[in-house]
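Chain residues, written in single-letter form:
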Amino acid sequence: MNKVLKSLRSISIISIAFFLLPMYIHGQTPVYLDEANPINERIEDALKRMTLNEKIAICHAQSKFSTPGCPRLGIPEIWMSDGPHGIRYEFQWDSWLHADWTNDSCTVYPALSCLAATFNPALSLQYGNAIGEEARYRKKDIILGPGVNIYRSPLNGRNSEYFGEDPFLTSKMVVPYIQGVQKNGVAACIKHFALNNQEKLREAINVEASDRALHEIYLPAFEAGVVEGKVWAVMGSYNKFRGQFCSHNNLLVNKILKGDWNFDGVFITDWGSAHNTDEAARNGLDIEMGSWTNGMTWGLSSAYNNYYLAQPFLKKIKNGELPETLLDEKVRRILLLNFRTNMNRNRPYGKKLTCEQKALALKVAEEGIVLLKNEKNFFPIEKGRYTKIAIIGENAIKRLTQGGGSSELKPQEEILSLQGMIEKYGKDHVTFSLGYASGEPNYSNELPSPYNADSLVAAAVETAKKADVVIFFGGLNKNFQQDCECDDRKNMDLPFGQNELIAKLLQVNKNLGVVIVSGNAVSMPWINKINGLIQSWYLGSQGGTATANIISGDAVPSGKLPFTIPKKLEDNGANSFGAVAYPGDGTNVIYKEDILVGYRWFDTKKIEPLFPFGYGLSYTTFEYGKAKSDKYVYEQDETAKITFRLTNKGKIDGSEIVQLYISQKNPKLLRPAKELKGFTKVFLKAGEIKDVELTVKITDLAYYDDQLRKWITDADEYELSLASSSRNIRSCVKIHVNR
Ligand code: BGC
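Residues numbered from 1 in each chain as written. Predicted model: local features only at pLDDT ≥ 70, side-chain atom pairs only at ≥ 80, totals over all residues. Heavy atoms only, no water.

S.K.: Teacher, can you tell me more about the overall build of the protein chain here?
M.R.: What the protein chain contains, in helices and strands, is 18 helices and 27 strands. In terms of C-alpha radius of gyration, the protein chain reaches 27 Å, essentially the compact-globule figure of 27 Å for 739 residues. For the C-alpha atoms alone, the extent of the protein chain along its principal axes is close to 80 × 70 × 50 Å. Residue burial in the protein chain is summarised as follows: out of 739 residues, 62% are buried. (Helix = DSSP H or I, 4+ residues; strand = E, 2+ residues; numbered from the N terminus. Rg over C-alpha atoms; globule rule 2.2 N^0.38 Å. Buried < 20%, exposed > 50% of the residue type's maximum accessible area, 1.4 Å probe, protein only.)

Right, here's the structure in full:
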């Protein structure tokens with residue numbers, strides 16, 4: 001045995017020597033390995049050393065989450081992982097089965113809808129950095145996130161993975177996230193480019209949207225990620241746009257992403273989203289990744305060699321149908337990615353599961369939780385206020401890091417809400433009843449609950465009767481069609497009989513508050529009957545502690561809604577036009593609400609939401625002074641400074657998210673009643689007063705003129721409104737812009 005090992009070792013040493021050593025003789029490091037050389041020269045040098053087969057190989061997957069690199073030249077494999085709120089567990093090489101490693105658990109951070117609700121870009125930088133650290137430690141080169149698709153309908157199964165309905169908020173949050181990840185020598189990969197705003201029929205549906213909707217609503221966050229965030233990778237989406245699949249869409253990829261925005265990174269498919277070799281070759285796709293590719297149980301037709309960018313591409317190059325220059329362009333980008341990540345000898349080593357990361361997960365969760373209703377000072381429930389607190393509802397004990405599809409994670413620790421509440425109030429003061437139950441999470445099916453629903457209700461009612469206060473923990477749960485990839489929710493209602501249960505609980509105990517855990521708006525038929533309401537999220541590892549901290553007042557709520565909660569589904573723009581606009585007719589989905597997405601629709605059409613975008617209460621109150629601008633008339637290249645005085649009028653410290661919306665007085669084209677163009681989060685001690693400044697670039701007042709095909713700021717009067725939500729304007733100032 002020893003002999004065999006020895007001879008194997010000497011064979012490999014000989015082969016390394018044979019291939020690599022000639023490059024080093026005479027003291028010469030090959031150009032591509034010498035960091036003193038300019039990056040372009042290194043890329044060209046590596047490129048010209050690679051054979052046609054080697055170049056083809058790095059443009060497509062070799063396993064579920066890796067591409068092969070070029071072993072002969074020592075160019076490493078590229079390893080990827082989901083994303084976006086933790087580093088996913090390991091998979092078997094060639095299937096979607098878990099590899100069952102024991103060292104692949106992670107810190108689970110709150111989902112991006114929670115990060116968005118913090119309105120805190122500095123926190124997003126820390127979040128991105130923590131994700132980057134863990135990805136690096138786990139030897140990942142690309143993290144498949146963040147998702148920056150816009151929340152268009154509350155039914156979309158993946159809204160929890162995105163930053164909400166507003167392109168400005170999403171852009172401001174995504175840039176620091178990318179910078180945080182990439183400073184670890186790990187690429188962020190913003191996804192899904194573009195117009196992937198529903199899961200239903202996502203692999204086939206063709207999106208039709210106007211140029212204005214594209215530029216004003218659906219592209220800004222991607223553009224910010226590329227131009228400001230300098231992201232190293234972008235993932236295409238499954239759907240089509242204007243008749244062509246987005247993962248090889250000439251307009252989106254060649255013209256906009258790589259042309260207008262000068263993106264120099266790699267453009268990757270979503271898993272299995274390529275459909276055609278010629279388009280993939282010509283329309284900017286660099287790496288093809290996929291699904292169902294083991295080549296054994298799923299047949300040769302989908303094995304890696306048969307990928308569109310594998311043998312079919314090679315064949316077309318060999319027979320002259322496609323020029324090799326197309327391949328070289330892809331390889332250059334992939335090599336640049338190698339130099340930025342796994343061939344960067346100076347990148348840090350990363351870390352995982354540290355106390356700082358845990359503390360960050362807690363902080364994001366606390367800052368993102370949104371207090372929506374607080375009658376009779378229902379919250380905070382200070383320790384000692386009640387003897388018996390009844391916790392009812394499955395989401396108090398459900399592991400919400402599971403399910404959902406590719407965003408599922410394996411947490412090293414997951415503090416559930418019930419546990420957080422018991423730790424806070426003591427087990428003698430907390431009783432629990434399940435109330436309702438769902439089955440295990442499953443990607444493509446609803447599995448039945450093992451419990452009898454009526455008995456659960458009866459037991460919960462008994463528990464509620466005996467309690468001084470009831471807190472119901474419900475919402476969605478990342479099960480199939482409940483905030484899960486691959487399909488959407490069927491309607492806005494709470495599932496598993498929760499509405500009926502809440503009604504029954506209210507009959508026996510009126511002192512009731514609700515905590516909704518979801519990444520989407522839910523309908524709330526009981527809203528006028530409950531005393532307190534918290535919008536919570538998939539909060540990750542420290543969720544239970546964060547929730548108990550907010551409920552008890554040990555942390556003061558400061559989150560604001562990153563999307564509108566409508567009174568009913570049909571009030572929402574995309575859902576108001578019937579099936580043609582959502583989810584489409586099976587072939588096309590037409591974005592009929594155009595640029596009026598989210599609060600832009602509600603405000604312009606004067607529809608009262610249940611809770612508006614940007615809304616969230618605190619345990620203290622803030623008084624806004626009068627807004628002033630630094631002058632009245634501005635030129636196009638200037639920045640307006642808006643100042644005002646903010647006072648914490650209450651008895652406790654707290655943070656306020658101040659929002660700045662703009663409205664144009666006489667627009668030539670339709671413009672939304674208001675658009676978010678600034679925000680800041682201000683911490684004030686009880687009674688403290690601060691002078692606050694927000695700035696708006698005059699160019700940010702622009703709209704996209706689809707005739708001229710560019711952004712225009714009209715000479716006109718504009719109203720700049722300081723607001724505590726999109727529906728609560730506290731003070732306005734008018735300015736004039738010259739041509
Ligand atoms: C998802 C992507 C994910 C990929 C790899 C796809 O189904 O849409 O967001 O990154 O799988 O897991």
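Now that the structure has been shown, the text picks up again.
S.K.: Just to check I follow, could you spell out the site of the ligand for this structure?
M.R.: Neighbouring the ligand are 15 residues, the closest being Asp82, Arg158, His192, Asp270 and Glu485. A distance of 3.2 Å is found between an oxygen atom of the ligand and a side-chain nitrogen or oxygen belonging to Arg88. The side chain of Glu485 places a nitrogen or oxygen atom 2.5 Å from an oxygen atom of the ligand. For the ligand, whose accessible area on its own is 310 Å², the fraction buried by protein is 97%. (Near = heavy atom within 4 Å. Polar contact = N/O pair within 3.5 Å; in protein donor to acceptor, adjacent residues only side chain to side chain. Areas by Shrake-Rupley, 256 points an atom, 1.4 Å probe, with all protein chains shown as cover.)

S.K.: What should I look at first to understand the side chain of Ser113 in this one?
M.R.: Mapped onto the elements, Ser113 comes out in helix H4 (residues 112-117). The buried category is assigned to Ser113, whose relative accessible area is 1%. In contact with Ser113, not counting residues within four places along its chain, are Asn159, Ser160, Tyr162, Gly519, Trp537 and Pro562. (Contact = heavy atoms within 4.5 Å.)

S.K.: Honestly, helix H7 (residues 211-218) in this entry has me stumped. Any pointers?
M.R.: Residues three or four positions apart in an α-helix share a direction because the helix packs 3.6 residues into each turn. Across the eight residues that make up H7, a large majority, eight, are buried. Buried within H7 are the following residues: Asp211, Arg212, Ala213, Leu214, His215, Glu216, Ile217 and Tyr218.

S.K.: What is the right way to read the nonpolar core from this model?
M.R.: Generally speaking, soluble globular proteins have nonpolar side chains that are buried together. By size, the foremost hydrophobic cluster in this structure holds 188 residues, and its most contacted members are Met80, Ile142, Phe193, Ile381, Trp526, Leu533 and Ile551. Ignoring any residue separated from it by four or fewer positions in sequence, one finds Trp526 in contact with Leu494, Asn499, Ile502, Leu506, Val514, Ile516 and Leu533. By size, the runner-up hydrophobic cluster in this structure holds 24 residues, among which are Leu660, Ile662, Val682 and Ile735. (Core = buried A, V, L, I, M, F, W, Y, C linked by side-chain atoms within 4.5 Å.)

S.K.: For this particular structure, what's the right way to read the state of the cysteines?
M.R.: Put plainly, a disulfide is one covalent bond tying together the sulfur atoms of two cysteines. Summed over the entire model, instances satisfying the criterion amount to zero disulfides. No disulfide involves Cys246; its nearest neighbouring cysteine sulfur is the one of Cys189, lying 15 Å away. A relative accessible area of 0% places Cys246 in the buried class. (Disulfide = S-S within 2.5 Å.)

S.K.: In this structure, what is going on with the packing of helix H14 (residues 417-425) against helix H17 (residues 543-552)? I would like to understand it.
M.R.: Between two packed helices, the angle of one axis relative to the other and the distance separating the axes together describe the packing. The interhelical angle for the contact between H14 and H17, taken along N-to-C directions, is 50°, at an axis separation of 7 Å. When the axis of H14 is compared with that of H17, the two are oblique. Crossing geometry of H14 relative to H17 is assigned as right-handed. Contacts between H14 and H17 pair Ser417, Gly420, Met421, Lys424 and Tyr425 from the former with Gly544, Thr545, Thr547, Ala548, Asn549, Ile551 and Ser552 from the latter. Classifying every residue of the contact of H14 with H17 by side-chain character gives four nonpolar, seven polar and one charged. (Axes fitted to C-alpha atoms, helices over the stretch in contact; angles between N-to-C directions. Parallel < 35°, antiparallel > 145°, perpendicular 65-115°, else oblique. Left-handed = near helix turned anticlockwise from the far one by under 90°. Nonpolar A, V, L, I, M, F, W, Y, C, P; charged D, E, K, R; others polar.)

S.K.: In this structure, what is going on with the pattern of salt bridges? I would like to understand it.
M.R.: A side chain of one charge can pair with a side chain of the opposite charge when the charged atoms of the two come close. Counting across every chain of the model gives 53 salt bridges. For Arg88, the salt bridge identified is with Glu408, shortest N-O distance 2.8 Å. Here Glu408 lies in the loop between strand S11 (389-392) and H14 and Arg88 lies in the loop between strand S2 (78-81) and H4, a separation of 320 residues in the sequence. In this pair, the class of Arg88 matches that of Glu408, namely buried. Put simply, Arg158, Glu161, Glu199, Arg202, Glu203 and Glu485 are held in one network by salt bridges that share partners. (Salt bridge = Lys/Arg side-chain N within 4 Å of Asp/Glu carboxyl O.)

S.K.: What am I meant to see in the packing of helix H6 (residues 167-182) against helix H8 (residues 220-228) here?
M.R.: Where H6 contacts H8, the two axes come as close as 8 Å, and the packing angle between them is 30°. In terms of orientation, H6 and H8 fall into the roughly parallel class. Between H6 and H8 the crossing geometry is right-handed. Along its contact with H6, which presents Pro167, Thr170, Ser171, Val174, Val175, Ile178 and Gln179, the element H8 presents Pro220, Ala221, Ala224, Gly225 and Glu228. For the contact of H6 with H8, a count of residues per class yields seven nonpolar, four polar and one charged.

S.K.: Whenever I open this one, the sheet that holds strand S21 (residues 654-664) confuses me. Can you help?
M.R.: Working definition: the strands of a sheet are paired by backbone hydrogen bonds and lie parallel or antiparallel to each other. If you trace the five strands from one edge of the open sheet to the other, you get S19-S27-S26-S21-S22, paired in mixed fashion. This sheet does not close on itself; its edge strands, each paired only once, are strand S19 (633-634) and strand S22 (675-684). Direction of pairing for S21 relative to strand S26 (residues 716-725): antiparallel, over a ladder of six bridges. The partner of Ser663 across the bridge, within S26, is Glu719. (Pairing = 2+ DSSP bridges.)

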